[in-house]
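Fold and geometry: a report
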Amino acid sequence: MNRIAILLIVLLGALLWAYFNFASQAGAAETDFNAREVVAQSWKNFQLGVKTELEEANARVVYESGYVEEKSMIRRTLYQSDGNKVSIEFTSPRRVEGLKLLVWQSEGAPDDIWLQMPSLSRPRRVSGRNEGRFFADTDFTFRDTNQLAGENLSGYTYEFLDSNEDHWKIKALPKENIKAVYSKRIFHIEKKSLVIKKIDYFRGERLNKTQYNKDIEWHGQAWRPNRIVIENEFQDRRTEFQVINRQINPEIPMRFWQKSFLR
Amino acid sequence: MKIPGWRENGKEWLIAAAFAVICLAMIPGFQAVIKGGLLTNGPLNKKDYYFQSDQKVQNLRPKGFEGGDQFSFVLPFGEKFTKKDLEEMLDFHQKTKEVFPEYGVLSLAKAVHYSETGELGDPYVYEELLDSENFSLKDWKNKVQEDPGVYQFLIGKEFDYAQVVVFLPSDYNEIELRDKIASLLEKREVSKWEWFIKHDVHPVAQYVKNLVSGWPFGRALMDAALISDVLILSALALIVVVFVLYPMLGSRRQAFYTWLMIVACLYWTRSTIGWLGIFGFELYGEVIKERVYILLAFTAVIIGGISFGPRKFDAFSYFKEGTRRERWKKTCWFDGKIYIVATIAISSFLTLYQIGIRGILEMGVLAAIGIFYLVLMTKWLLPALQTLFGGEAKERRDTWVLKTGELFLQGMTRGCLWLLTRFSPQVNFFLFLTITLVTVGGVFGIAWHDFQAHKSGEKPIIKIGTNPIDYLPGTIVDRARQFLNQGGRVGFGRITFLIRPKDGDIYNPDFLREVYNLQQQALNIEGVRISKSIIDTVKVISDRQYGLDFPENRRQAMDIFTTIDWDLGNKVTSQLWYDKGIAIALAVPANDSNQLARQTEVLLSKVENNFPELEAIPFGRLHIYHQTDKYIRENVPLNVGTSFWVVAVLAAIWISIRTHGMNFRKRKLVMSNWRTGIAMALPFAFACSCMVYLMAILKIPLDQATACIMVLAVAAAIDFNLHFVDDFNEALSEGYDYLGALEYALCVKGGINIVDIVVNALCFSMLMFSNFTPISRLGMLLAIMMFACGFGALVIMPAVLYYCIKPFNQRAKSFVRADRFYCLVKSFSADAKALSRFGVDLVGFAAQVGWRKLHLRFLSFDKDWGKGCSSA
């Protein structure tokens, strides 16, 4: 009699375990699909109808000590289905004037990034190992310079964390096949417009920085933040990226996205 | 036991209630105490060159330069340097990054190896490199040796250790830092309660060889040791009070009240620090903080308590007749002695500002506050508690212990009398005065020798130097110091300078060359092991990317600095340079503050003479150390002299008042006020001189702790002299001659002084249990000094008193006037009391009448209201 009772308990336990285990996996697969869709749609909207883009911007870095550094730059972006291309050129202050960065994004492969110092004859390549470094004394890493224009969707898994009337909170975890800069990112996406309002970046378990997209401007269905503020918890500083002039689909010669741009 | 009610003892209940309320009110202050570093903002002199230089550099924060702190993990390698050591270093670097993500971390896993072309530089150590099959340790070592920016700094010259350096912002929290380091090395969370008994970090087996170098962590460890010291000291105080007071007083309750008073005083004193901070009270521009030297203030309070309490109870027990309240009233005559002892002690403590060191000044102020509280409690609290809750001294049983004690005291006092009567008083006077003057003269000789030695750079007899590491003996920080100070290693200390061009910015290639030359010349300074700045890395990049020794134009210089800035991150680079200046660090053993001062002066003179285009600004805490010692060297003799005259002058005033207050009908001899005042200060001069010899023999340095020795001795031992002179004076007023008065003061009343000497020495010897070597050394010195003070008070001073007495004129105007004055004061005080009693009665009567009227009005209102209701 005892043996039968034990057998029944074991069987029941196994059934319950199987039910909850498979149910949760099924749920995860479903949420992953939905969350990924939302992020993909948001970036799709971002690029909708935009082929080229030119931004003149100021980056203001404010340190906790009160020290302030200001930099001006021109960013040119070429949107392509097989990967965007971004070029950045600093125009002031004197210390970084003429400094250039070129990024080639490619779906499913590591990005190609080159940096050109004005006094050097040849550009230097930024390897995947160094993509996590902060770029130009701002709170953007080399990787971020590209991720501002789009997302490598195949490199991450997405999951809904929370939702309210206005926003979704979506967690993006890097897949094992990519060299991740952040251990986790959390997107705060407005339901109505699918605009990414805020991104929390984590390194390890700790919040590294928070990016706020502000002063949203619409170009047809494409959304653009005119002001990006990044609060860096680790560095005790804040970067304010203010777009002064933006042109959508201007005529930009292709050389600005070729290596010759760096010379 | 029947406890008296409110009606009988309202005043005593009020005092007890006020005491309880103040104790409660002190709680927030106790919790709000701010901790202070040993030498943080050390010199009080705001015009001090090094202080101003440091402030100038600290003010550069808004311009992008952080004169902040650093500490490092020292990772000693095994006997043979292998790839495994690098793997462990990389792993530890990553762990450190995880624990301190908000701080800049620099090690070979972060410092970049700049290649000629190709990719953006990689660190010297990273996972893929170590995993690679092509990795050659020999090639790697060559690569590191070629980079002076990291070689001998982040890795030892012999590849026998590595360093992981953590750059801290200026607003970091030392206690949090300590907790994080402990949890990293011990691989567990250390609770805050554990830090009450813990004062070192014990790494787990994996990190057992790792050491921590740097004062940010050292200071936090010191804080933990201080807490455990305070606990140990308080516990010992409790034991001493129990074992000393009970036999002295012969009453458990009286011993308990005195114990309670001492504990409350310690509590109030510490809480006062917090409250002063809350109210924003500043002393020389900064709020008072709890530093290591609070232990000395506590000891002064404990000794004061053990002196005041038993003597007050002794005075109470002297009167056997009347109620407790009446008996306490009669003890008022004794309060004068407490006031003068407290006044001399407080005045001496307050003279400590002369030394010009914040820690010492704060100790003096806290000790003065503590003694002030003691006076209040002795005057009001002890009588109130005893009146309310009882406690009478019992007749002592004739035990063998007491008998032996009595015999010992008699032997000692008789021995002193024998010494003083062996020769004629004149011979004795010259003999002991000569002994004292020769002893003091020898000290002047030592001071003169050391002054000359300091000027010529020779070895002094008494070393002057506060070595903060002495406060952390045997800890993980001390072991790091010993390791790094071994020959061929980098050294424990860094003296830092900000080098600025007099005109322009750092991107001028000529400036970079000049700074590099200065850096090379600094290597010739005696005791400097290495001399580092960011120029080392600038040179490496310049060589590899442009094929040049130095950048040849501003553009190249800017690009090089930008590259380093991006590679190392702002948290690190903001401590290495900013647009207008570059930091140079000289690595030194930092064992000798005099050598530190010389090294600094030599570098500054090199800049002045050889580099007219450069400006050097010394900054950082190490400069404060040698400046602190300079102030001690210059100001301690002045303070010792002042303490001597404080005792002499206040004692003279007290003698005058006291003599005039005594009955003068039988008096034949009277004491000269000024001569007696100086005679009372002589024992301290003698004892202090003896301590100088002891310090010379035992090679104890004159540091911040020993600098206070004279003042602490005065506070503890003044009552030996005072009570002796008072008894001597009393005997004179009774018509005794010199020898008679001597016998009375020594053999009849002198026993208690011997007890006092032993008890005070016992209290000071408690400091020997301190975790801090200088405090422990000071405890030993003071314990011995008490015996020297005792010898001075019971032998030297009585001998000298012979020349302090003169025949008394019965018709001396001052005495007649004083007599009239006292009569007048007495009658006035009686009138005042009668008037105040009348006033109190009047108020009571008015209150009663008022209450009755109010009551009647209330009753009539009730009636009217009833009427109103019925009519409605």
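Read on for a plain summary of the structure. All figures in this text were calculated on a predicted structure; none of them were measured in a lab. Per-chain numbering applies: the sequence of each chain, read as written, is numbered from 1 onward. The lettering of chains begins at A and the numbering of ligands begins at 1, in the order of writing. In view of the model being predicted, local features appear only for residues whose pLDDT reaches at least 70, and side-chain atom pairs are presented and counted only at 80 or more, with totals across whole chains, interfaces and linings using the full set of residues. To obtain the side-chain values, all non-hydrogen atoms of the structure were used and water was disregarded.

Before going further, it helps to examine the overall build of chain A. Starting at the N terminus, helices and strands are each numbered in turn, a helix being any DSSP run of H or I of at least four residues and a strand any DSSP run of E of at least two. Secondary structure assignment for chain A yields two helices and 13 strands. The contact criterion used is simple: two residues touch if any of their non-hydrogen atoms lie within 4.5 Å. Residue pairs at least 24 apart in sequence account for 47% of intrachain contacts in chain A once pairs closer than 6 positions are excluded. Accessible surface, chain A: about 12900 Å² in total, of which carbon and sulfur atoms supply 53%. Method for areas: the Shrake-Rupley scheme with a 1.4 Å probe, in which residue coverage is limited to the protein chains shown.

All right, on to the sheet that holds strand β5 (residues 161–167) of chain B then. Residue and element names in this part refer to chain B. Each pair of strands is called paired provided DSSP finds at least two bridges between the two strands. Pairing is antiparallel across the open sheet formed by four strands, whose spatial order is β2-β5-β1-β6. Two strands lie at the open edges of the sheet, namely β2 (104–106) and β6 (211–213), each paired on one side alone. The mean inter-strand angle of the sheet, taken between neighbouring strand axes irrespective of direction, is 20°. Note on geometry: axes are lines fitted to C-alpha atoms, helical ones only across the stretch in contact, with angles between N-to-C directions running from 0 to 180 degrees.

Residues and elements named next belong to chain A. Taken together, the six bridges between strand β4 (residues 100–106) and strand β5 (residues 109–116) define a ladder with antiparallel strand orientation. Among the inter-strand pairings, Lys100 is bridged to a residue of β5, identified as Gln116. Note that β5 and strand β6 (residues 124–126) share three bridges and pair antiparallel. Note that in β6 the partner of Trp114 across the bridge is Arg125.

We now examine the interface of chain A and chain B. On the chain B side, the residues contacting the 37 residues of chain A number 36 residues. Accessible area that two parts lose when put together, evaluated with a 1.4 Å probe and summed over both, is termed the buried area. A buried area of about 3300 Å², summed over both sides, lies between chain A and chain B, and 47% of it is on carbon and sulfur atoms. One side-chain nitrogen of Lys or Arg within 4 Å of one carboxyl oxygen of Asp or Glu is enough to make a salt bridge. Linking chain A with chain B are four salt bridges. N or O atoms within 3.5 Å of each other form a polar contact, as long as, within protein, one can give a hydrogen and the other can take it, and as long as residues adjacent in sequence are counted only when both atoms are side-chain atoms. Remark: the boundary between chain A and chain B carries ten residue pairs in polar contact (both at pLDDT 80 or more). The element best represented in the side of chain A that touches chain B is β6 of chain A, accounting for three residues. Classifying every residue of the side of chain A that touches chain B gives 16 nonpolar, six polar and 15 charged. Three classes are used, and their members are as follows: Ala, Val, Leu, Ile, Met, Phe, Trp, Tyr, Cys and Pro are nonpolar, Asp, Glu, Lys and Arg are charged, and the others, Gly among them, are polar.

Residues and elements named next belong to chain A. Here strand β1 (residues 52–63) runs beside strand β13 (residues 237–248); their pairing, made up of eleven bridges, is antiparallel. Counted as the bridge partner of Ala57 is Val243 from β13. With six bridges joining them, strand β12 (residues 222–232) and β13 adopt antiparallel strand pairing. Across the sheet, the residue bridging to Arg227 is Gln242, located in β13. Between β12 and β13, which follow one another and run antiparallel, lie four residues, and Asp236 among them has a positive phi close to 50°.

When charged atoms on two side chains of opposite charge get close, those side chains can pair. For the structure shown, the criterion picks out 52 salt bridges over all chains. Among the salt bridges present, the one from Glu286 of chain B reaches Arg291 of chain B, with a minimum N-O distance of 3.8 Å. Considered together, Glu286 of chain B and Arg291 of chain B belong to a single accessibility category, that of buried residues. Asp756 of chain B is paired through a salt bridge with Arg311 of chain B; the nearest N and O atoms lie 2.6 Å apart. Residue Asp756 of chain B is located in helix α25 (residues 751–765), and its partner Arg311 of chain B is located in helix α9 (residues 294–318); the two are separated by 445 residues in the primary sequence. Each residue is assigned to one of three classes by its accessible area relative to the maximum for its type, calculated with a 1.4 Å probe on protein chains only: buried under 20%, partly exposed between the two thresholds, exposed over 50%. Take Asp756 of chain B: its relative accessible area is 2%, and that puts it in the buried class. Through salt bridges that share partners, Glu53, Glu55, Arg75, Glu217, Arg224 and Arg246 of chain A make up one connected network.

With that settled, consider the packing of aromatic side chains. Residues and elements named next belong to chain B. Working definition: a ring pair exists when centres of Phe, Tyr or Trp rings (six-membered ring for Trp) sit within 6.5 Å. Plane angles under 30 degrees give stacked, over 60 give edge-to-face, the rest tilted. Tallied over the entire structure, the rule returns 53 aromatic pairs over all chains. Between Trp448 and Phe451, the aromatic rings sit 6.0 Å apart at their centres with planes inclined by 35°, giving tilted as the arrangement. In this pair, Trp448 and Phe451 both sit in helix α14 (residues 425–456), three residues apart, roughly one turn of the helix. The exposed category is assigned to Trp448, whose relative accessible area is 55%. Accessibility expressed as a relative area gives 44% for Phe451, which makes it partly exposed. Judged by centre distance (5.6 Å) and plane angle (70°), the ring pair of Tyr516 and Phe550 falls under edge-to-face. In this pair, Tyr516 is assigned in helix α16 (residues 509–522) and Phe550 in the loop between α17 (535–546) and α18 (554–568), connecting sequence segments 34 residues apart.

Among the structural elements, His188 of chain A can be located in strand β9 (residues 184–190). Ignoring any residue separated from it by four or fewer positions in sequence, one finds His188 of chain A in contact with His167, Trp168, Lys169, Val195, Ile196, Lys197, Lys198 and Asp200 of chain A.

What follows covers the nonpolar core. In these notes, a set of buried Ala, Val, Leu, Ile, Met, Phe, Trp, Tyr and Cys residues joined through side-chain atoms within 4.5 Å is what counts as a nonpolar core. Ranked by size, the top nonpolar core spans 303 residues in total, and within it Phe73, Trp140, Phe349 and Phe728 of chain B carry the most contacts. Apart from residues no more than four positions distant in its own chain, Phe728 of chain B is found in contact with Met671, Tyr738, Ala741, Leu742, Ala745, Leu801 and Ile805 of chain B. The next biggest cluster of nonpolar side chains, apart from the first, holds 25 residues, and it includes Val50, Tyr79, Ile199 and Trp223 of chain A.

Here the focus is the packing of helix α13 (residues 400–421) of chain B against helix α26 (residues 773–801) of chain B. Residues and elements named next belong to chain B. Remark: α13 packs on α26, axes separated minimally by 10 Å, with the N-to-C direction vectors making an angle of 35°. Between α13 and α26 lies a crossing of right-handed hand. Counting all contacts with α13, which are made through Cys416, Leu419 and Leu420, the residues of α26 involved are Leu794, Val795, Pro798 and Ala799. Residue composition of the contact of α13 with α26, by class: seven nonpolar, no polar and no charged. Handedness of a crossing is defined here by the sense of rotation of the near helix relative to the far one, left-handed for an anticlockwise turn of less than a right angle and right-handed for a clockwise turn.

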